Amino acid sequence: MLELSGVLGVSAVALGMVLTPGPNMIYLVSRSITQGRRAGMISLGGVALGFLVYLLAANLGLSVVFLAVPELYVAVKLAGAAYLAYLAWNALKPGGLAVFAPQEVPHDAPRKLFTMGLMTNLLNPKIAVMYLSLIPQFIDLDEGYVLLQGLALGAVQIVVSVAVNLAIVLTAGAIATFLARRPSWLKLQRYVMGGVLGVLTVMLAADTSGPVRAG
(Lines give C-alpha, C1' and ligand atoms only; values in the text may rest on other atoms or scores of the structure.)
Protein backbone atom coordinates (compact mmCIF):
# COMPACT_ATOMS: atom_id res chain seq x y z
CA MET A 1 0.00 0.00 0.00
CA LEU A 2 2.82 2.39 0.88
CA GLU A 3 5.33 3.52 -1.71
CA LEU A 4 8.98 3.20 -0.66
CA SER A 5 9.51 6.82 -1.67
CA GLY A 6 6.83 7.89 0.81
CA VAL A 7 8.35 5.89 3.64
CA LEU A 8 11.83 7.25 2.90
CA GLY A 9 10.48 10.78 2.57
CA VAL A 10 8.69 10.69 5.93
CA SER A 11 11.76 9.09 7.53
CA ALA A 12 13.95 11.93 6.24
CA VAL A 13 11.50 14.59 7.46
CA ALA A 14 11.20 12.92 10.87
CA LEU A 15 14.98 12.61 11.20
CA GLY A 16 15.54 16.24 10.27
CA MET A 17 12.88 17.43 12.72
CA VAL A 18 14.03 15.31 15.67
CA LEU A 19 17.68 16.36 15.23
CA THR A 20 16.72 20.05 15.20
CA PRO A 21 16.89 21.47 18.74
CA GLY A 22 13.42 22.15 20.05
CA PRO A 23 11.16 21.76 23.11
CA ASN A 24 11.25 17.94 23.11
CA MET A 25 15.03 17.74 22.92
CA ILE A 26 15.52 20.43 25.55
CA TYR A 27 13.13 18.74 27.98
CA LEU A 28 14.46 15.22 27.48
CA VAL A 29 18.09 16.29 27.77
CA SER A 30 17.50 18.37 30.90
CA ARG A 31 15.66 15.54 32.62
CA SER A 32 18.19 12.90 31.60
CA ILE A 33 21.10 14.97 32.87
CA THR A 34 19.59 16.16 36.15
CA GLN A 35 17.47 13.16 37.15
CA GLY A 36 19.00 10.23 35.28
CA ARG A 37 18.23 7.99 32.33
CA ARG A 38 15.16 6.46 33.95
CA ALA A 39 13.55 9.88 34.28
CA GLY A 40 14.49 10.65 30.69
CA MET A 41 12.88 7.42 29.46
CA ILE A 42 9.68 8.07 31.44
CA SER A 43 9.56 11.56 29.94
CA LEU A 44 10.10 10.03 26.50
CA GLY A 45 7.05 7.83 27.11
CA GLY A 46 4.97 11.00 27.45
CA VAL A 47 6.52 12.43 24.28
CA ALA A 48 5.68 9.22 22.40
CA LEU A 49 2.05 9.43 23.54
CA GLY A 50 1.98 13.01 22.26
CA PHE A 51 3.06 11.76 18.82
CA LEU A 52 0.22 9.23 18.90
CA VAL A 53 -2.32 11.91 19.81
CA TYR A 54 -1.19 14.06 16.88
CA LEU A 55 -1.23 11.03 14.58
CA LEU A 56 -4.84 10.18 15.40
CA ALA A 57 -6.06 13.78 15.51
CA ALA A 58 -4.48 14.74 12.19
CA ASN A 59 -5.83 11.68 10.39
CA LEU A 60 -9.28 11.80 11.96
CA GLY A 61 -10.11 15.36 11.07
CA LEU A 62 -8.02 18.02 12.83
CA SER A 63 -6.65 19.20 9.49
CA VAL A 64 -10.24 19.63 8.29
CA VAL A 65 -10.84 22.11 11.11
CA PHE A 66 -7.85 24.17 10.02
CA LEU A 67 -9.01 24.03 6.41
CA ALA A 68 -12.45 25.25 7.44
CA VAL A 69 -11.04 28.00 9.68
CA PRO A 70 -7.74 29.10 8.10
CA GLU A 71 -7.41 31.96 10.58
CA LEU A 72 -7.07 29.40 13.36
CA TYR A 73 -4.28 27.66 11.48
CA VAL A 74 -2.45 30.98 11.01
CA ALA A 75 -2.86 31.79 14.71
CA VAL A 76 -1.44 28.42 15.75
CA LYS A 77 1.47 28.78 13.34
CA LEU A 78 2.32 32.31 14.54
CA ALA A 79 2.08 31.18 18.16
CA GLY A 80 4.50 28.40 17.32
CA ALA A 81 6.86 30.86 15.66
CA ALA A 82 6.73 33.09 18.74
CA TYR A 83 7.59 30.12 20.96
CA LEU A 84 10.55 29.17 18.76
CA ALA A 85 11.72 32.80 18.88
CA TYR A 86 11.57 32.65 22.68
CA LEU A 87 13.68 29.48 22.71
CA ALA A 88 16.17 31.05 20.29
CA TRP A 89 16.53 34.13 22.49
CA ASN A 90 17.09 31.99 25.58
CA ALA A 91 19.95 30.25 23.77
CA LEU A 92 21.56 33.36 22.25
CA LYS A 93 21.13 35.94 25.01
CA PRO A 94 24.15 36.76 27.19
CA GLY A 95 24.47 34.07 29.82
CA GLY A 96 22.06 31.76 28.01
CA LEU A 97 22.28 28.04 28.65
CA ALA A 98 23.09 25.35 26.11
CA VAL A 99 20.92 22.26 25.70
CA PHE A 100 23.56 20.02 27.28
CA ALA A 101 24.54 22.42 30.07
CA PRO A 102 23.61 20.95 33.49
CA GLN A 103 20.72 22.84 35.08
CA GLU A 104 19.25 22.66 38.55
CA VAL A 105 15.66 21.47 38.29
CA PRO A 106 13.50 19.82 40.95
CA HIS A 107 13.24 16.04 40.83
CA ASP A 108 9.71 15.15 39.79
CA ALA A 109 7.67 12.01 40.32
CA PRO A 110 7.26 9.57 37.39
CA ARG A 111 3.65 10.66 36.76
CA LYS A 112 4.69 14.31 36.46
CA LEU A 113 7.64 13.42 34.24
CA PHE A 114 5.32 11.52 31.89
CA THR A 115 2.73 14.31 31.88
CA MET A 116 5.33 17.00 31.22
CA GLY A 117 6.74 14.95 28.35
CA LEU A 118 3.25 14.64 26.89
CA MET A 119 2.43 18.34 27.24
CA THR A 120 5.83 19.41 25.89
CA ASN A 121 5.16 17.43 22.72
CA LEU A 122 1.52 18.47 22.36
CA LEU A 123 2.58 22.14 22.56
CA ASN A 124 5.51 21.63 20.19
CA PRO A 125 4.84 23.68 17.02
CA LYS A 126 7.30 21.57 15.01
CA ILE A 127 5.19 18.47 15.52
CA ALA A 128 1.96 20.26 14.65
CA VAL A 129 3.43 21.55 11.40
CA MET A 130 4.86 18.14 10.55
CA TYR A 131 1.57 16.27 10.97
CA LEU A 132 -0.66 18.92 9.42
CA SER A 133 1.49 20.06 6.50
CA LEU A 134 4.43 17.76 5.79
CA ILE A 135 3.45 14.11 6.25
CA PRO A 136 0.19 14.44 4.21
CA GLN A 137 2.29 15.37 1.17
CA PHE A 138 3.58 11.78 1.03
CA ILE A 139 0.10 10.24 0.81
CA ASP A 140 -0.64 8.81 -2.64
CA LEU A 141 -4.29 9.58 -3.38
CA ASP A 142 -4.27 7.25 -6.39
CA GLU A 143 -3.53 4.28 -4.11
CA GLY A 144 -6.67 4.86 -2.04
CA TYR A 145 -6.93 3.95 1.66
CA VAL A 146 -5.95 7.52 2.53
CA LEU A 147 -6.65 7.09 6.24
CA LEU A 148 -4.56 3.92 6.48
CA GLN A 149 -1.74 5.54 4.54
CA GLY A 150 -1.77 8.49 6.91
CA LEU A 151 -1.69 6.23 9.96
CA ALA A 152 1.10 4.08 8.53
CA LEU A 153 3.26 7.06 7.55
CA GLY A 154 2.68 8.60 10.97
CA ALA A 155 3.80 5.33 12.54
CA VAL A 156 7.05 5.57 10.55
CA GLN A 157 7.60 9.07 11.95
CA ILE A 158 6.97 7.87 15.50
CA VAL A 159 9.44 4.97 15.19
CA VAL A 160 12.19 7.25 13.83
CA SER A 161 11.59 10.02 16.37
CA VAL A 162 11.35 7.75 19.41
CA ALA A 163 14.49 5.84 18.37
CA VAL A 164 16.53 9.04 17.99
CA ASN A 165 15.15 10.56 21.19
CA LEU A 166 15.97 7.34 23.06
CA ALA A 167 19.57 7.60 21.86
CA ILE A 168 19.64 11.22 23.06
CA VAL A 169 18.29 10.21 26.48
CA LEU A 170 20.87 7.43 26.87
CA THR A 171 23.84 9.59 25.82
CA ALA A 172 22.85 13.00 27.24
CA GLY A 173 24.96 12.59 30.38
CA ALA A 174 28.08 11.58 28.46
CA ILE A 175 27.64 14.42 25.96
CA ALA A 176 27.14 16.93 28.79
CA THR A 177 30.34 15.76 30.50
CA PHE A 178 32.27 15.92 27.22
CA LEU A 179 31.10 19.47 26.50
CA ALA A 180 31.59 20.65 30.09
CA ARG A 181 35.31 19.94 29.69
CA ARG A 182 35.34 22.04 26.52
CA PRO A 183 33.65 25.38 27.32
CA SER A 184 34.22 26.76 23.82
CA TRP A 185 32.39 23.78 22.29
CA LEU A 186 29.52 24.25 24.74
CA LYS A 187 29.23 27.90 23.72
CA LEU A 188 29.37 26.95 20.03
CA GLN A 189 26.62 24.38 20.56
CA ARG A 190 24.47 27.08 22.19
CA TYR A 191 24.98 29.49 19.29
CA VAL A 192 24.28 26.80 16.71
CA MET A 193 21.08 25.80 18.52
CA GLY A 194 19.95 29.42 18.79
CA GLY A 195 20.74 30.07 15.14
CA VAL A 196 18.80 27.02 13.96
CA LEU A 197 15.82 27.98 16.10
CA GLY A 198 15.99 31.52 14.71
CA VAL A 199 15.95 30.25 11.14
CA LEU A 200 13.00 27.98 11.95
CA THR A 201 11.18 30.96 13.46
CA VAL A 202 11.58 33.03 10.30
CA MET A 203 10.65 30.13 8.02
CA LEU A 204 7.54 29.30 10.03
CA ALA A 205 6.39 32.91 10.30
CA ALA A 206 7.04 33.61 6.61
CA ASP A 207 5.33 30.45 5.34
CA THR A 208 2.05 31.43 3.70
CA SER A 209 0.90 27.94 2.73
CA GLY A 210 -2.18 26.44 4.30
CA PRO A 211 -2.66 22.99 5.84
CA VAL A 212 -2.79 19.95 3.61
CA ARG A 213 -5.79 17.67 3.89
CA ALA A 214 -4.64 14.42 5.48
CA GLY A 215 -7.68 12.22 5.34
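About the criteria used
- Residues numbered from 1 in each chain as written.
- Predicted model: local features only at pLDDT ≥ 70, side-chain atom pairs only at ≥ 80, totals over all residues.
- Heavy atoms only, no water.
- Helix = DSSP H or I, 4+ residues; strand = E, 2+ residues; numbered from the N terminus.
- Buried < 20%, exposed > 50% of the residue type's maximum accessible area, 1.4 Å probe, protein only.
- Contact = heavy atoms within 4.5 Å.
- Areas by Shrake-Rupley, 256 points an atom, 1.4 Å probe, with all protein chains shown as cover.
- Phe/Tyr/Trp six-rings, centres within 6.5 Å; stacked < 30°, edge-to-face > 60°.
- Axes fitted to C-alpha atoms, helices over the stretch in contact; angles between N-to-C directions.
- Parallel < 35°, antiparallel > 145°, perpendicular 65-115°, else oblique.
- Left-handed = near helix turned anticlockwise from the far one by under 90°.
- Nonpolar A, V, L, I, M, F, W, Y, C, P; charged D, E, K, R; others polar.

Caption draft 1: Broad picture of the overall build of the protein chain. The secondary structure content of the protein chain amounts to eight helices and zero strands. Going from the N terminus to the C terminus, the protein chain shows its helices and strands as α-α-α-α-α-α-α-α. Within the protein chain, the fraction of its 215 residues that count as buried is 43%. In the protein chain, the proportion of contacts linking residues at least 24 apart, taken out of those at least 6 apart, comes to 87%. Of the accessible surface of the protein chain, which amounts to about 10,700 Å², a share of 71% is contributed by carbon and sulfur atoms.

Caption draft 2: Structural view of the environment of glycine 150. As for its placement among the helices and strands, glycine 150 is situated in helix 7 (residues 146–180). Along the backbone, glycine 150 and asparagine 59 are 91 residues apart, and their C-alpha atoms lie at a distance of 6.2 Å. Residue contacts for glycine 150: discarding those within four places in its chain leaves Leu55, Asn59 and Ile139.

Caption draft 3: Up close: the packing of aromatic side chains. Under the counting rule described, the total for this entry stands at one aromatic pair. Between tyrosine 54 and tyrosine 131, the ring centres sit 6.2 Å apart and the planes meet at 10 degrees, which makes this aromatic pair stacked. In this pair, tyrosine 54 sits in helix 3 (residues 37–68) while tyrosine 131 sits in helix 6 (residues 125–134), placing the two residues 77 residues apart along the sequence. For the pair formed by tyrosine 54 and tyrosine 131, the shared burial category is buried.

Caption draft 4: Broad picture of the packing of helix 2 (residues 23–35) against helix 5 (residues 110–122). Two numbers describe how helix 2 lies on helix 5: the axes approach to 9 Å, and their chain directions differ by 160 degrees. Classified by the angle their axes make, helix 2 and helix 5 are roughly antiparallel. Considering only the axes of helix 2 and helix 5, their crossing is right-handed. Along its contact with helix 2, which presents Pro23, Asn24, Tyr27, Arg31 and Gln35, the element helix 5 presents Lys112, Leu113, Met116, Gly117, Thr120 and Asn121. For the contact of helix 2 with helix 5, the per-class residue count stands at four nonpolar, five polar and two charged.

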